[in-house]
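# Coordinate analysis (summary)
Single-letter residue listing:
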Amino acid sequence: MSTVRHIQEHFPLARVAIRRCWLLDRFGLSCGRAARFLPIKTLVPACQIGHINCGYVLFFLALLLIPSGSIAYGAESPSTASNLQRVLFLQEAQTRIVFLGTTLLGICGGLVGVFMLLRKRALIGDVVGHAALPGIAIAFIICEVLHPGGGKNLPALVGGAFLTALAGAVCVMLIERYSPLRSDAAMAMTLSLFYGFGAALFTVIQRIPTASAAGLSSYLNGKTATLVTADVWIFGIAATVLSLMTLLLWKELSLLCFDEDFASSTGWPVRFLDALLIGMVVAVTIVGMQTVGLILVVAILIIPAVSAQFWTDDLRRLMIISAVLGAVAAGGGTMISALAPRLAAGPVIVLCGSSLFIVSLLIGTQHGFIWKVIDQKKLQRRIRSHDLLRAFYERVESAHSGGDVSEPQLIDTRLTTSDLLPMRSWSLPELKRAISQGMSSKLVETVAEGGLQLTPEGAAQARRAVRNHRLWELYLITYADTAPAHADYDADRIEHILGPDLVHELEQRLFQADEQSVPASPHALNPASPSDT
Amino acid sequence: MIIVAMSHATADVTSVSSPDPAVSPLTIRDLTVAYHRRPVVWDIDYSAPAGKLISIIGPNGAGKSTLMKACLDLVPHVSGQVQFFGMAYRQVRDRVAYVPQRTSVDWNFPVSALDVTAMGLYRKIGWFRWITKPYREQALQALDRVGMADFAGRQIRQLSGGQQQRVFLARALAQEADLYLMDEPFAGVDAATERAIVKLLQELRSAGKTAIVVHHDLQTVQQYFDEVLLLNLRLVASGPTKTVFTAENLKRTYGGKLSLLDQVGARIAGQSG
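Residues numbered from 1 in each chain as written. Chains lettered and ligands numbered in written order. Predicted model: local features only at pLDDT ≥ 70, side-chain atom pairs only at ≥ 80, totals over all residues. Heavy atoms only, no water.

Moving on to the overall build of chain A. In terms of regular secondary structure, chain A is built from 26 helices and five strands. Scored against the burial criterion, the 533 residues of chain A give a buried share of 46%. Sequence separation of at least 24 residues holds for 69% of the intrachain contacts in chain A that already meet a minimum separation of 6. (Helix = DSSP H or I, 4+ residues; strand = E, 2+ residues; numbered from the N terminus. Buried < 20%, exposed > 50% of the residue type's maximum accessible area, 1.4 Å probe, protein only. Contact = heavy atoms within 4.5 Å.)

Right, here's the structure in full:
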């Protein structure tokens, strides 16, 4: 513990960081577990003090020290390098504020977005964003009528936006519930109706003589660069409240998204939870609207959540990864737009998120495209070698007029390509390819005069491949109605999938049906009889 | 129409914890449900005996699932009254467990088998709280009872249809209810799962619990269930399987689909003769 105290004494900021780690612990997310799915542990030397993981402490320290430490750098010069340094180290107060605001927004967008996606309402964010437009216009007109020239009253505009956005969401839900229209039609309807109304009101506003409607367009496209401290305060509070709500309610929200009927039957107030989720989406939208604009705000909700799905199949990790991706996209986008003064932050944030999405799509550990391709290639190789081995086995089997072929019998037999060619419907090049693959994985070997011979490993695998193939075939025929859900032809041991009793039954059946035998299982099995279950 | 004599015993409020055989776990009176102005379930009267396995059978679109959902207040009913253990459903939720149709949810949802099972405990855990270790262990026990403990950490998409169904049953078991309402638990499951479910139903019965099961396989009704409800919009017949599951009643339930009925009719004739 002395190390902790030492850090605390010498770095006042560390106290904050340590407390944060402790809070993480309190949330039931032990650092050890958290570190498993966050790459932090690999980035910073991890050491354990008490129940606090120092890796985390250092990570948060780094986050806090970069901006504060960099202020000391001071002196600016017009060169690109110093410009880069100026932005990366957040030397300007304005950049710092904007960075903090957008990052918080990214986090809460990522968290809320996960549930929006799981509720299969990915597009509701878009509807909500567009439905906010008439609210802004109406609030502006009312303020303008009451105080000519004072239309741009931020709380009023935000309030108006919130109300019509909520009305839009409720409208979609009502149409879904009480009309035969499907939800995509309901959303398209609502979106165009509200946006059209808003656009019409905007043309009215432009004709009001006292009004200066210039700033209003920032709600359409965002105004990140001109965010002020007051805005970020609102952002920060809203984003923190929303993130906390999602974390506290994840159990209830996940039940709502997974099985609404069951939730309702056990007494959860399903409609309230549904309304709450919509309300949270509306809140994120309203907050995000000021950064990325109401047209792109759906990206803040959807892109992190969708990207996170490529990395994990666990809801808790999904939430964390989505929040991190949201933060990185928003923070990174802000940085890049600060580097190039004419680049609006909103679109850059969306582009940043999109590139994270593409990276996830390609290399996401759980469902990434590259791994799928590699798996596919592996499967192809496996099937090819199984084909070769089965052809070998069947050829030997026919020579021995049926019956189980033992491994020594298999090893002793020498075959040529012309023996194997008629065994399957393959062309000579295909067969040669299979043979060369078999040789490289040491399943077959060449002997004198172009003959082929199985290695002991090849013989064992040949028996297993034939056994699995025949049993699967029979299984698919026998249990045609339920079979496809089970079928995993690539599995090493059919018993792992179907269970020993079912395999035993299949073996019996196969023997009775056409007196064809299956090579005995190469694994020692406890003799299982159907009565075992 | 055969209607079992209803036990109109008034509910004893103090007996909530221990099942009282005198009070029917489910009493339905004049229940009518309508979708879009068309009745889907019409004037049902039924009182379920306690401690029995009861099946609801009928052709597609007969309103079997709707009847179950209407009892649980999941779809609004036009008229009638439903009582569980002599009380309104709201008051005795904890004693009733519902197993929806397996196909009613999206199995791509990013949770594990254990997570789904733990959902049966959410009510007990309460608002805002995270699932702590004792609850995880309870969920694991429930999974073990359906033979799925080895698959606890498996993502639910990777389970077969039968395994998914067992996870659903485990979730209901975790609720530790006295009455189980199951919607088509035998649909599209493999033989091993079917055996596991039957074994589980028998265990529940020996523990004095009641199960009402929407069933589609006429071949196995006599083998698995003590009581049967024949439903086709209205209640055609209900009562002990031995007296109610007759060729005549089946014909009245399923109408003219004879090819199906002849088969079952032959079985019934063969068993009684």
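More follows now that the structure is in view.
Moving on to the overall build of chain B. Across its full length, chain B holds ten helices and nine strands. Per-residue burial over chain B gives 53% buried out of 273 residues. In chain B, once contacts between residues fewer than 6 apart in sequence are set aside, the share between residues at least 24 apart is 69%. As displayed, chain B has an accessible area near 12,000 Å², and 51% of this comes from carbon and sulfur atoms. (Areas by Shrake-Rupley, 256 points an atom, 1.4 Å probe, with all protein chains shown as cover.)

The subject of this paragraph is the packing of helix H8 (residues 124-146) of chain A against helix H9 (residues 154-178) of chain A. Residue and element names in this part refer to chain A. Here H8 crosses H9 at 140 degrees, and the two axes come no closer than 6 Å. Here H9 runs oblique to H8, going by the angle between their axes. Between H8 and H9 lies a crossing of right-handed hand. Residues Ile124, Val127, Val128, Ala131, Ala132, Pro134, Gly135, Ile136, Ala139, Phe140 and Cys143 of H8 form the contact with H9, whose own contacting residues are Ala156, Leu157, Gly160, Ala161, Thr164, Ala165, Gly168, Ala169 and Val172. Class assignment of the residues belonging to the contact of H8 with H9 gives a composition of 16 nonpolar, four polar and no charged. (Axes fitted to C-alpha atoms, helices over the stretch in contact; angles between N-to-C directions. Parallel < 35°, antiparallel > 145°, perpendicular 65-115°, else oblique. Left-handed = near helix turned anticlockwise from the far one by under 90°. Nonpolar A, V, L, I, M, F, W, Y, C, P; charged D, E, K, R; others polar.)

The subject of this paragraph is the sheet that holds strand S6 (residues 179-183) of chain B. Residues and elements named next belong to chain B. Spatially, six strands are ordered S5-S6-S7-S3-S8-S9 in an open sheet, and the strand pairing comes out mixed. Two strands close off the open sheet at either side, each with one partner strand: strand S5 (96-99) and strand S9 (234-240). Between one strand and the next, the sheet's axes are offset by a mean angle of 15 degrees, whatever the strand orientation. One ladder, built from four bridges, connects strand S3 (residues 53-57) with strand S8 (residues 227-232); its direction is parallel. Looking at the pairing, Ile56 lines up with Leu229 of S8. Sheet strands touched by helix H9 (residues 247-254): S3, S8 and S9. Its angle to S8, the strand with the most contacts, is close to 35 degrees. (Pairing = 2+ DSSP bridges.)

So, on to the sheet that holds strand S2 (residues 38-48) of chain B. Residue and element names in this part refer to chain B. Spatial strand order, S2-S1-S4: three strands in an open sheet with antiparallel pairing. The sheet terminates laterally at S2 and strand S4 (79-84), the two strands that pair on one side only. Each adjacent strand pair in this sheet contributes to an overall mean axis angle of 20 degrees, direction not counted. Strands in contact with helix H1 (residues 64-71) are strand S1 (26-35), S2 and S4; relative to S1, the strand with the most contacts, it is inclined by about 115 degrees.

Residues and elements named next belong to chain B. Taking 1.5 Å as the rise per residue, helix H5 (residues 161-174) with 14 residues should run 20 Å; its terminal C-alpha atoms sit 20 Å apart, in good agreement. Of all 14 residues making up H5, 14 are buried, and the element is well covered by its neighbours. Where H5 terminates, the next one or two residues include Glu176, which has phi positive at roughly 50 degrees. (Expected span 1.5 Å × (residues − 1).)

As a further point, take the interface of chain A and chain B. Opposite the 35 residues of chain A that make contact, chain B presents 37 residues. Both faces considered, chain A and chain B share a buried interface measuring about 3,400 Å² in area, 63% of it formed by carbon and sulfur atoms. Where chain A touches chain B, the interface holds five salt bridges. A salt bridge links Asp259(A) to Arg171(B), with the shortest nitrogen-to-oxygen separation between them at 2.8 Å. Viewed at the interface, chain B and chain A are joined by 13 residue pairs in polar contact (both at pLDDT 80 or more). Of all the elements in the fold, those that place two or more residues in the side of chain A that touches chain B are helix H12 (229-248), helix H13 (250-258), helix H14 (260-265), helix H15 (270-292), helix H17 (315-339) and helix H24 (483-486) of chain A. Of the residues forming the side of chain A that touches chain B, the biggest block, seven residues, is contributed by H13(A). When grouped by side-chain class, the residues that make up the side of chain A that touches chain B number 17 nonpolar, nine polar and nine charged. (Buried area = accessible area lost by both parts, 1.4 Å probe. Salt bridge = Lys/Arg side-chain N within 4 Å of Asp/Glu carboxyl O. Polar contact = N/O pair within 3.5 Å; in protein donor to acceptor, adjacent residues only side chain to side chain.)

On to the packing of aromatic side chains. All names here are of chain B. The final tally for this structure, using the stated rule, is ten aromatic pairs over all chains. Judged by centre distance (5.1 Å) and plane angle (50 degrees), the rings of Phe84 and Tyr89 are tilted. Taking the relative accessible area as the measure of exposure, Phe84 reaches 0% and is therefore buried. Arranged with centres 5.1 Å apart and planes meeting at 45 degrees, the rings of Trp107 and Phe168 form a pair that is tilted. (Phe/Tyr/Trp six-rings, centres within 6.5 Å; stacked < 30°, edge-to-face > 60°.)

With that settled, the discussion passes to the pattern of salt bridges. Note on pairing: side chains with opposite charge can pair once their charged atoms come close. In total, this model carries 20 salt bridges over all chains according to the counting rule given. As a salt-bridge pair, Asp178(B) and Arg95(B) come within 2.8 Å of each other at their nearest N and O atoms. Placement of the pair is Asp178(B) in the loop between H5 and S6 and Arg95(B) in the loop between S4 and S5, with a sequence separation of 83 residues. Note on Arg95(B): relative accessible area 8%, which makes it buried. Via salt bridges that share partners, Arg119(A), Arg121(A), Glu260(A) and Asp274(A) belong to a single interconnected network.

Another aspect to go through is the packing of H8(A) against H15(A). All names here are of chain A. Following both chains from N to C, one finds H8 and H15 inclined at 60 degrees, their axes separated by 9 Å at the closest point. You can see that H8 and H15 cross each other, and the crossing is right-handed. Here H8 contributes Ile124, Gly125, Val128, Gly129, Ala132 and Ile136 to the contact with H15, which in turn contributes Ile278, Val281, Val282, Thr285, Ile286 and Met289. Here the contact of H8 with H15 is built from residues that sort into nine nonpolar, three polar and no charged.

Here we come to the pairing of S6(B). All names here are of chain B. With five of five residues buried, S6 is to be regarded as a mostly interior element. Because side chains alternate across S6, one face comprises the buried residues Leu179, Leu181 and Asp183, and the other comprises Tyr180 and Met182, equally buried. Pairing geometry for S5 and S6, over four bridges, is parallel. What sits directly across from Val96, in S6, is Leu179. Sheet topology places S6 next to strand S7 (residues 210-214); five bridges connect them, and they run parallel. Along S7, the bridge assignment pairs Leu181 with Ile212.

Turning next to the confidence of the model for chain A. Caution applies to low-pLDDT parts of the model: their predicted coordinates are not meant to be read in detail. Residues and elements named next belong to chain A. Overall, the predicted model of chain A reaches an average pLDDT of 77, with 73% of residues at or above 70. Overall, residues 64-78 carries pLDDT values under 50, and its contacts beyond four positions in sequence, including any with other chains, amount to 20 contacts. Across residues 524-533, confidence stays below pLDDT 50; counting only partners more than four residues off in sequence or on other chains, it has eleven contacts. (pLDDT = per-residue confidence, 0-100.)

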